[in-house]
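# Structure assessment
The primary structure of each chain is shown beneath.
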Amino acid sequence: MIRKISHVSLTVKDQYEAAQWYQEKLDWVIKRDEPFPGNPENRWVSIAPAGQTEIEVVLELPQWGMTSATSQGETVGRAAGFTLETDDCRGDYERFKARGVQFMEEPAELAWGISCVFADLYGHLHNLVQPHGE
C-alpha cells in the first residue's frame, strides 16, 4: 500500500544553481546531495523548506530520462510547479520580491485563501498560499 508522497521532481538545467536560488530567495535547505552509484557526475540533490520533513523536491536533470520530453531541456521551466503553504502570504511576497523573486501577481484574496504566483529561475510557476484561518 502506498503510504505517502516523499519526493516530487523539478526539471532544472543545473542542480547547484537551482539549489542556490531556492536557498537564497526562499530560505530552503539542501536535504540530500549524493552521487548515483557507478556514476558520480549524476547526483541526487533534494531541497525543501528548513522545517519540512515529509516531502522533498528533487532537482532533476533533463538527461535523467524520467520525463516524457523527447529532447533534453524540453521540460525545463515547463513542468507544473508546486503550491507552498505559508502563514503570511503578503509578508513572504514582500520579502521574496525584495530578493529578486519574480511574481506574476500581487497576493489576492481567493476562495481558498490569500494567494499569489511566482516564477523560479527557470520559469517554473509556483503558488504561494495562506489558507483561510492562518
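Further up the page is the structure itself.
Everything in this summary refers to the structure shown in the same document. Along every chain, residues carry numbers that run from 1 in the direction the sequence is written. Only residues with pLDDT of 70 or above have their local features reported here, since the model is predicted, and side-chain atom pairs are shown and tallied only from 80 upward, although totals for entire chains, interfaces and linings are computed over all residues. Calculation of side-chain values draws on the structure's entire complement of heavy atoms; hydrogens and water are dropped beforehand.

## Notes on the overall build of the chain
Of regular secondary structure, the chain possesses 2 helices and 9 strands. Helix numbers and strand numbers start at the N terminus; a helix is a DSSP run of H or I with at least 4 residues, a strand a run of E with at least 2. Along the chain, from the amino end to the carboxyl end, the secondary structure elements read β-α-β-β-β-β-α-β-β-β-β. Evaluated residue by residue, the chain yields a buried proportion of 38% over its 134 residues. What makes two residues a contact is simply this: any of their non-hydrogen atoms within 4.5 Å. In the chain, the proportion of contacts linking residues at least 24 apart, taken out of those at least 6 apart, comes to 51%. A total of about 8,000 Å² of accessible surface is found on the chain, and carbon and sulfur atoms cover 49% of it. Only protein chains enter the accessibility calculation, which uses a 1.4 Å probe; a residue is then buried when its area is under 20% of its type maximum, exposed when over 50%, and partly exposed in between. Accessible surface area values rest on a Shrake-Rupley calculation with a 1.4 Å probe, where residue burial reflects the displayed protein chains alone.

## Points about the sheet that holds strand β1 (residues 7-11)
Taken together, the 4 strands give an open sheet; going across it, the order is β1-β4-β3-β2, and neighbouring strands pair in mixed fashion. Pairing within the sheet leaves two strands with one partner each, and these edge strands are β1 and β2 (28-36). Neighbour-to-neighbour, the strand axes of this sheet turn through a mean angle of 30 degrees, independent of strand direction. Pairing between strands is defined by DSSP: at least two bridges between the two strands are required. With 2 bridges joining them, strand β3 (residues 39-49) and strand β4 (residues 56-60) adopt antiparallel strand pairing. Residue I47 lies in a different strand from β4, and its bridge partner there is V57. Here the axes come from fitting lines to C-alpha atoms, over the contacting stretch only for helices, and the angles between their N-to-C directions go from 0 to 180 degrees. Most of the contacts of helix α1 (residues 15-26) go to β2, to which it runs at about 165 degrees, and overall it touches β1, β2, β3 and β4.

## What to know about helix α2 (residues 89-98)
Think of an α-helix as turning once every 3.6 residues; residues three or four places apart then point the same way. For α2, every residue scored as buried is listed here: C89, D92, Y93 and F96. All buried residues of α2 fall inside an arc of 105 degrees around its axis, so they share one side. Where α2 is buried, its residues touch α1, β6 (102-103), β8 (113-119) and β9 (125-131). G100, located one to two residues past α2, shows a positive phi value of around 95 degrees. Arc definition: it is the arc formed by the directions from the helix axis to the C-beta atoms.

## Considering the nonpolar core
Residues belong to a common nonpolar core when they are buried Ala, Val, Leu, Ile, Met, Phe, Trp, Tyr or Cys residues joined through side-chain atoms within 4.5 Å. One finds Y22, L26, W28, L59 and F118 to be the most contacted residues of the largest nonpolar core, which totals 24 residues. Where this core is concerned, the elements lending two or more residues are α1, β3, β4, α2 and β8. The element best represented in this core is α1, accounting for 5 residues. Once residues lying within four places of it in the same chain are set aside, the contact partners of W28 are Y22, Q23, I47, A48, P49, V57, F82 and L84.

## Comments concerning α1
A helix's residues, less one, multiplied by 1.5 Å, set its expected span. Its 12 residues place the ends of α1 16 Å apart at the C-alpha level, agreeing with the 16 Å of an ideal helix rising 1.5 Å per residue. Q15, A18, A19, W21, Y22, K25 and L26 are the residues of α1 that are buried. For α1, the buried positions fall inside an angular range of 155 degrees around the axis, keeping them on one side. Two or three places before Y16, at the start of α1, stands the capping residue D14, its side-chain oxygen 2.9 Å from that residue's backbone nitrogen. Just beyond α1, the residue with positive phi is D27, at close to 65 degrees. Side-chain atoms alone can form a polar contact between residues adjacent in sequence; in general such a contact is a pair of N or O atoms within 3.5 Å, and within protein one must be able to donate a hydrogen while the other accepts it.

## With respect to unusual backbone geometry
At D27, a residue that is not glycine, the phi angle is positive and equals roughly 65 degrees. Using a relative accessible area of 37% as the deciding quantity, one classes D27 as partly exposed.

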